[in-house]
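Here is what each chain is made of, one letter per residue.
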Amino acid sequence: MSLPVDAFTPLQHELKAEVINRPSTTLWQDAWRRFKLNPLAMGGLVVLSAIVLFALFGPFFSHFDYKTNDLESVNLFPNWVHPFGTDELGRDILTRVMFGARISLAIGFGSVLINLTIGIFYGGISGYLGGRVDNVMQRIIDIIFSVPDLLYVILLMVVLGSGLGNIFIVLGIANWVPMARIVRGQILSLREQEFVLAARTLGASTKRILMKHLLPNSVGQIIVVAALQIPAAIFMEAFLSFIGLGVQPPLVSLGSMAASGRLNIPSYPHSLLFPAGMIAVLMLAFNFVGDGLRDAFDPKMRK
Amino acid sequence: MSAAVKSEIILEVENLVKHFPIDKGLFAKGERKVHAVNGVSFQLHRGETLGLVGESGCGKSTAGRTIIRLYDATSGQVRYKGKNVYDLNAKDMMGVRSDIQMIFQDPYASLNPRMTVGDIIGEALDIHRLASGQKRTDRIYGLLETVGLNPEHANRFPHEFSGGQRQRIGIARSLAVDPKVIICDEPISALDVSIQAQIVNMLEDLQEKLGLTYLFIAHDLSMVKHISHRIAVMYLGRIVELTSSSDLYGHPLHPYTQALLSAIPIPDPDVEMKRQRIVLQGTVPSPIDPPSGCYFRTRCPHAEDICAQKVPELLERGSEHFVACHFA
């Protein structure tokens, strides 16, 4: 059987540009969508928000002050007036936990802000310039990394003196190294991507390439590292305050509360339990959120 | 086609060499290096398409990237409109950058995932301060239409497009600065065959409409034959044969070209049955330690003593037919 050519008419070919029906989603929306599907991370986020509200606004509803002694109500067990009880100087533990959480959160976010700034700057330069500069900068990092951070955090605190401001500085300095490494790794792998070459072909300046192409594409990784460094910083502050190098009285931190509560464990366990419990809950919530962020930003987890 | 070949020379590459040092580090001596491009010379005439073919790793992409100074050349010259681009200062180089553009191989890697399509194309306009405000928007829409995309998608992100559409976005970006020469670095090898034809046809239409000159880097011989006026065949960082595409496919003179062409399947069963494949022995030598004399001698069926001693020059062996072989 042969088909006659006349039987065919050419298909009317309309070359219309295709239309995309899916609503536009940015990478942030995509990450948030994945984050929402993770129950642990969402739980962490809810707990974290509650703690932030508790620390920020709780003191306004409290009848007590975190530093005024009340020697008539010393070492009270939890009761209706003092839900968390009082400590050995008669101060309301609930109010003190609120202030302690404030300090912890401030130190968590503040020190990460410092190490973000140093880390992005250092890692960005090292990764983008590459070659010999990178080599020297990385060896410096290796040297810093080879000293246990606990050792030089304690040394720095001793040298600078204890106090809230110094804790920010010391923890910021202590944690920038891993951040710088992550940023460098990201920049190094993105630098050779074709979209960066395309920008260079167009004559884009170094600043433009870093700010518009390299850093925005590393932002997911940076956020993940930062989110996991916050609990580490909080824990470090609690530890410093616990050994007496951190926040000085009358300022209160969860670590210094735990330290003073430790002396009375046998008779008044509540004065250790509440600040220590707060540290644990805070760390757990941050770690869950951090893990959730990592999964949300990791393209390999994309479903 | 032949008229285009005779027109003025717009870009001239002379003895381009690019070596990459291998031993990096603080105390490296930097003696070992990858000989990626070893003295490549050719001329691009205004309005023509020069195909640059060769197998993976032969240095064709490196040559393309070195020409537009993405890499610093080890030695050699690239003259654009008579001026060596390696000697230009930053300001003059910006002018050349808007005249010579590049289309990249991987449409998934060549668009910044954090920028909207409008910003990706608009970046070219911003860098060269060509348009701003409403004019910028109009220009972006116009470019999107030129490459057959819907202007409404200007505020979409690259991941929402298919491979072919992304490649069109990449082409729109390179067209934004009104280039004269476009280096197409395997622009179709990452695409489906059906999409390849669309993109190639669009590139041809654009060439006609805008008077573009292409350096078309590829390894798909039949596609290169379709689009190129002239073709240069590369082997291990050197051009072994350079001639018009009809000449190359009709009378290949270099043994490497002959072997390459014999590998193309012919879409006619009767002819295909009789096709004689020339199967080369061995593998491509390492570009870290290339053989002496003719680089192809280790696999060449006609190799003799002279091939190991003397580097064959690229000489004219017919009208406009250049071959680098002692026996051509």
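Bear in mind that the values here come from a model prediction, so they are computed numbers and not experimental data.

(A) Geometry of the overall build of chain B. In terms of regular secondary structure, chain B is built from twelve helices and twelve strands. For 328 residues, the compact-globule estimate of 2.2 N^0.38 gives 20 Å, and chain B sits close to it at 21 Å. Over its C-alpha atoms, taken along the principal directions, chain B stretches across nearly 70 × 60 × 35 Å. The 328 residues of chain B split such that 53% are buried. Taking the intrachain contacts of chain B between residues at least 6 apart in sequence as the baseline, contacts between residues at least 24 apart amount to 64%. Entry remark: accessible area of chain B is about 14800 Å², with carbon and sulfur atoms responsible for 50%. Here chain B contributes 36 positively and 38 negatively charged side chains, and the mean placements of these two sets differ by 5 Å.

(B) Up close: helix H4 (residues 117-127) of chain B. By the criterion of burial, H4(B) is predominantly enclosed, with nine of the eleven residues buried. When we look at burial in H4(B), the residues that qualify are B:Val117, B:Gly118, B:Ile120, B:Ile121, B:Gly122, B:Glu123, B:Ala124, B:Leu125 and B:Ile127. Buried residues belonging to H4(B) abut helix H7 (194-201) and helix H8 (206-242) of chain A together with helix H3 (90-99), helix H5 (133-146) and helix H6 (163-175) of chain B.

(C) Region of interest: the environment of B:Asp205. Checked against the element boundaries, B:Asp205 lands in helix H7 (residues 193-210). Sequence separation between B:Asp205 and B:Ala232 is 27 residues; the distance between their C-alpha atoms is 23 Å.

(D) The packing of aromatic side chains, seen in detail. In this structure the tally under the stated criterion is seven aromatic pairs over all chains. For the pair A:Trp32 and A:Phe35, a centre-to-centre distance of 5.9 Å together with 20° between the ring planes defines the contact as stacked. Of this pair, A:Trp32 and A:Phe35 both sit in helix H1 (residues 27-36), three residues apart, which is roughly one turn of the helix. When its relative accessible area of 4% is taken as the criterion, A:Phe35 is described as buried. For the pair B:Phe20 and B:Tyr71, a centre-to-centre distance of 5.4 Å together with 85° between the ring planes defines the contact as edge-to-face. With B:Phe20 in strand E1 (residues 9-21) and B:Tyr71 in the loop between helix H2 (60-67) and strand E4 (75-80), this pair connects stretches of sequence that are 51 residues apart. Ring pairs connect the aromatic residues B:Tyr235, B:Tyr256 and B:Phe296, which therefore count as one cluster. A cation sits over an aromatic face here: A:Arg181 above A:Phe145, 4.4 Å from the ring centre. In this structure, B:Arg238 is placed above the aromatic ring of B:Tyr295, and the distance from its NZ or CZ to the ring centre is 3.5 Å.

(E) View of the interface of chain A and chain B. Counting residues at the interface gives 31 residues for chain A and 39 residues for chain B. For the pair chain A and chain B, the summed buried surface comes to about 3300 Å²; carbon and sulfur atoms form 54% of the total. Along the contact surface separating chain A from chain B lie three salt bridges. Of the charged contacts, one joins A:Arg208 and B:Asp126 as a salt bridge, the two residues approaching to 3.8 Å between their closest N and O atoms. Summed over the shared surface of chain A and chain B, the result is twelve residue pairs in polar contact (both at pLDDT 80 or more). Elements with a contribution of two residues or more to the side of chain A that touches chain B: H1, helix H4 (131-146), H7 and H8 of chain A. Per element, the largest residue contribution to the side of chain A that touches chain B is seven residues, and it comes from H7(A). Split into classes, the residues belonging to the side of chain A that touches chain B amount to 15 nonpolar, nine polar and seven charged.

(F) Fine view of unusual backbone geometry. Residue and element names in this part refer to chain B. One non-glycine residue with positive phi stands out, namely Arg 129, at about 50°. Inspection of the secondary structure assignment puts Arg 129 in the loop between H4 and H5. The exposed category is assigned to Arg 129, whose relative accessible area is 75%. For Asp 178, which is not glycine, the phi torsion reads 55° and is therefore positive. Residue position: Asp 178 is located in the loop between H6 and strand E7 (181-185).

(G) Focus on the sheet that holds strand E5 (residues 83-84) of chain B. Residues and elements named next belong to chain B. Taken in spatial order, the four strands of this open sheet run E2-E1-E4-E5, and their pairing is antiparallel. Pairing within the sheet leaves two strands with one partner each, and these edge strands are strand E2 (33-45) and E5. Note: E1 against E2, ten bridges, orientation antiparallel. Bridging from a neighbouring strand, Phe 20 pairs with Val 34 of E2. Along the sheet face, H2 touches E1, E2 and E4 and points at about 115° away from the line of E1.

(H) View of the nonpolar core. Grouped together as the largest cluster of nonpolar side chains are 106 residues, with contacts concentrated most on A:Leu214, B:Ile121, B:Ile169, B:Ile171, B:Leu175, B:Leu203 and B:Phe216. The greatest single-element share of this core, amounting to twelve residues, is contributed by H8(A). The contacts of A:Leu214, once residues within four sequence positions are left out, are A:Tyr128, A:Ile187, A:Leu190, A:Arg191, A:Val196 and A:Ile209. By size, the runner-up hydrophobic cluster in this structure holds 36 residues, among which are B:Val13, B:Leu44, B:Met234 and B:Leu242.

(I) Focus on the pairing of E1(B). Where E1(B) and E4(B) come together, five bridges link them in antiparallel fashion. Within the sheet, the bridge partner assigned to B:Val17 lies in E4(B) and is B:Ser75.

Thresholds, definitions, all that
- Residues numbered from 1 in each chain as written.
- Chains lettered and ligands numbered in written order.
- Predicted model: local features only at pLDDT ≥ 70, side-chain atom pairs only at ≥ 80, totals over all residues.
- Heavy atoms only, no water.
- Helix = DSSP H or I, 4+ residues; strand = E, 2+ residues; numbered from the N terminus.
- Rg over C-alpha atoms; globule rule 2.2 N^0.38 Å.
- Buried < 20%, exposed > 50% of the residue type's maximum accessible area, 1.4 Å probe, protein only.
- Contact = heavy atoms within 4.5 Å.
- Areas by Shrake-Rupley, 256 points an atom, 1.4 Å probe, with all protein chains shown as cover.
- Lys, Arg positive; Asp, Glu negative; His and termini not counted.
- Charge placed at Lys NZ, Arg CZ, Asp CG, Glu CD.
- Phe/Tyr/Trp six-rings, centres within 6.5 Å; stacked < 30°, edge-to-face > 60°.
- Lys NZ or Arg CZ within 6 Å of the ring centre and 35° of its normal.
- Buried area = accessible area lost by both parts, 1.4 Å probe.
- Salt bridge = Lys/Arg side-chain N within 4 Å of Asp/Glu carboxyl O.
- Polar contact = N/O pair within 3.5 Å; in protein donor to acceptor, adjacent residues only side chain to side chain.
- Nonpolar A, V, L, I, M, F, W, Y, C, P; charged D, E, K, R; others polar.
- Pairing = 2+ DSSP bridges.
- Axes fitted to C-alpha atoms, helices over the stretch in contact; angles between N-to-C directions.
- Core = buried A, V, L, I, M, F, W, Y, C linked by side-chain atoms within 4.5 Å.

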